[in-house]
Amino acid sequence: MYSEAREAYAAIGIDTEKVLATIAEVPVSINCWQGDDVVGFEKGARALSGGIQTTGNYPGRARNAQELMADFAFASSMIPGAKRLNLHASYITGARDVDRDAIEPEDYDGWVDFAREHGLGLDFNPTCFSHPMVVNNLTLSSPHEEVRRFWTEHCIRSRRVAAHFARELGGWSTCNLWIPDGFKDTPADCLTPRLRLKECLDRIFSEKLDGVIDSVESKVFGIGVESFTVGSGEFYLGYAASHKGVYQLLDNGHYHPTESVADKIPALLTVFDRIPLHVTRAVRWDSDHVVRLDDEIRAIARQIVRCDALDKVLIGLDFFDASINRIVAWVVGTNNMKKALLMAMLEDGAKMAADQEKEDFTHLFAYGESMNELPWQEVWNEFLRREGIEPGFAWYDAVKKYEEDVLLKRS
Ligand code: RNT
Ligand code: ZN
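Residues numbered from 1 in each chain as written. Chains lettered and ligands numbered in written order. Predicted model: local features only at pLDDT ≥ 70, side-chain atom pairs only at ≥ 80, totals over all residues. Heavy atoms only, no water.

Student: Please clarify how the coordination of the zinc ion (ligand 2) should be interpreted in this entry.
Tutor: Six octahedral donors around a metal ideally subtend angles of 90 or 180 degrees, whereas four tetrahedral donors ideally subtend 109.5 degrees. Around the zinc ion (ligand 2), the protein contributes the donor atoms Glu217 (OE), Asp251 (OD), His278 (ND1) and Asp318 (OD), which lie 2.1 to 2.2 Å from the metal centre. Its 6 donor atoms give the zinc ion (ligand 2) angles of 71 to 167 degrees at the centre, a pattern that matches the octahedral case. Between consecutive donor residues of the zinc ion (ligand 2), the sequence gaps follow E-x33-D-x26-H-x39-D. In this pair, Glu217 is assigned in strand 6 (residues 212-217) and His278 in strand 9 (residues 275-279), connecting sequence segments 61 residues apart. Glu217 gets classed as buried once you look at its relative accessible area, which sits at 3%. (Donors = N, O, S within 2.8 Å, 3.2 Å for Na, K, Ca; no water. Tetrahedral: all angles 85-135°; square planar, octahedral: opposite > 155°, others 65-115°. Helix = DSSP H or I, 4+ residues; strand = E, 2+ residues; numbered from the N terminus. Buried < 20%, exposed > 50% of the residue type's maximum accessible area, 1.4 Å probe, protein only.)

What follows is the structure, encoded as structure tokens:
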């Protein structure tokens, strides 16, 4: 069936062998926090806060680094192609009881060993939530100097952890900063908190570090901070545009529902040479449902491919669902991102772009729709086979067996 698919695609000038070689090399950075409901491994880890929520109590949450690593390795065996692992600062592996303003690269050495063993790159995020130093939902924009100092120090150290990852593993490590700062009700002064945030960012990014790709992640609102977000889209876009080496991270759950996040990719590419992403799915107030193979994700993947930006867009995932098996969430969510990329690569974008230039919008419309009739699934199945993964739904039984043998034994 693959050879028939290969011929069907060859007929429109697409070489599926080339596509298979390309898709295998595109890394997707998988968020570690789906595996344990964003709890982390600090001593006395606290409830999730900061306007984000994990809901559900499906059994089997990973309770420590060993369990999370085992679950991640198992999930990875059902995900084809290049992978990275996206960590949060709260996922320390060492035995040291260390607060956020004192973290050292050594506190994450377990991950470096794990990454080496599994051929993964590592990405990092400072954890500016679920901590008593988040005072009145504010961190880097707080009016309290000691609060700002604490989080600035955490972010400075987080960047050094990312630099350590890049050094140890080669390549790069993205270090993405998201803070929950905002107000439940309309503030009187929207400028002062932003000026304070800007000052902290300048301090955080002042150290030049090799291998680190810095980003700032904006948001529209959070639970409990519905009226005002300090780190808004315009704030961070302006900051990134005026600070070389700092990029704006797009989380597609952080915009208004009818706003196309996909179209932000070409827009930003006119100015930036990198765009880090948090790919997710927004549902009403939640920005973190598991990624489905829906129109939005296909549109995002299509822009990455059509803009020839596979090496510029750093694809990371950001979802956390505690109401279903967490390994299933990882496998389906990640493979959906990869499927969307593959589908985009299997479309005749060049021809459609030519239609647009010729202003033949009728052909563009009809030809574009005809792409949906081509057998992309056969190419996906071939991708799986070449990666030693059996196509079909059998993987689900393997997860259910793992659930019975491993996950349900966790109390
Ligand atoms: C929150 C942001 C942030 C977090 C993760 C845990 O709205 O999307 O990226 O989801 O860092
Ligand atoms: Zn995010």
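There is more to say after this.
Student: How should I be thinking about empty space enclosed by the protein in this particular structure?
Tutor: In this approach a probe as big as a water molecule rolls over the atoms, and the regions it shows empty are the leftover space. One pass over the structure, following the stated rule, counts 5 cavities of 30 Å³ or more. Quantified by volume, the largest cavity comes out at close to 150 Å³. Forming the boundary of the largest cavity are 14 residues, of which Ile52, His88, Phe129, Trp178 and Asp318 lie nearest the centre. Across the lining of the largest cavity, the residue classes break down as 6 nonpolar, 5 polar and 3 charged. (1 Å grid on protein atoms, 1.4 Å probe; cavity = no way out; pocket = protein on both sides within 12 Å on 5 of 7 lines; lining within 4 Å. Points joined across faces, edges and corners; volume = space filled by probe spheres on them. Nonpolar A, V, L, I, M, F, W, Y, C, P; charged D, E, K, R; others polar.)

Student: Help me understand the site of ligand 1, please; the structure alone is not making it clear to me.
Tutor: What surrounds ligand 1 is the set Trp33, Ile52, His88, Trp178, Glu217, Lys219, Asp251, His254, His278, Asp288, Asp318 and Phe320. Glu217 is positioned with one of its side-chain polar atoms (N or O) 2.8 Å from an oxygen atom of ligand 1. Take Asp251: an N or O atom from its side chain is 3.0 Å from an oxygen atom of ligand 1. For ligand 1, whose unbound accessible area comes to 310 Å², protein coverage reaches 100%. Put simply, ligand 1 lies in the largest cavity. Residue composition of the shell around ligand 1, by class: 4 nonpolar, 3 polar and 5 charged. (Near = heavy atom within 4 Å. Polar contact = N/O pair within 3.5 Å; in protein donor to acceptor, adjacent residues only side chain to side chain. Areas by Shrake-Rupley, 256 points an atom, 1.4 Å probe, with all protein chains shown as cover. Sits in = over half its atoms within 2 Å of the grid points.)

Student: Explain the nonpolar core here, please?
Tutor: One recurring pattern in soluble globular proteins is that nonpolar side chains are buried together. Counting residues in each nonpolar core, the largest one holds 103 residues, and the members touching the most others are Trp111, Leu277, Ile315, Ile327 and Leu341. It is helix 10 (residues 326-345) that contributes the most residues to this core, 12 residues altogether. In contact with Leu341, other than residues within four places in its own chain, are Ile23, Val26, Ala301, Ile304, Val305, Leu310 and Ile315. Formed by 22 residues, the second largest nonpolar core is a distinct cluster that contains Leu140, Ile179, Cys200 and Val216. (Core = buried A, V, L, I, M, F, W, Y, C linked by side-chain atoms within 4.5 Å. Contact = heavy atoms within 4.5 Å.)

Student: Where do I start with helix 13 (residues 376-386) in this structure?
Tutor: Note on helix geometry: an α-helix contains 3.6 residues per turn, so any two residues three or four positions apart are oriented the same way. For helix 13, a buried count of 8 out of 11 residues is recorded, marking the element as mostly surrounded by other parts of the structure. For helix 13, every residue scored as buried is listed here: Trp376, Glu378, Val379, Trp380, Asn381, Glu382, Phe383 and Leu384. In this structure, the buried side of helix 13 is in contact with helix 1 (2-10), helix 2 (16-25) and helix 10.

Student: What am I meant to see in the packing of helix 3 (residues 65-76) against helix 10 here?
Tutor: For any two helices packed against each other, the geometry comes down to the angle between their axes and how far apart the axes lie. Two elements in contact, helix 3 and helix 10, have axes separated by 9 Å at closest approach and are oriented at 40 degrees. By the angle between their directions, the pair helix 3 and helix 10 is classed as oblique. Where helix 3 crosses over helix 10, the handedness of that crossing is right-handed. Touching Leu68, Asp71, Phe72, Phe74 and Ala75 of helix 3 are Ile327, Trp330 and Val331, all from helix 10. The class makeup of the residues in the contact of helix 3 with helix 10 is 7 nonpolar, no polar and 1 charged. (Axes fitted to C-alpha atoms, helices over the stretch in contact; angles between N-to-C directions. Parallel < 35°, antiparallel > 145°, perpendicular 65-115°, else oblique. Left-handed = near helix turned anticlockwise from the far one by under 90°.)

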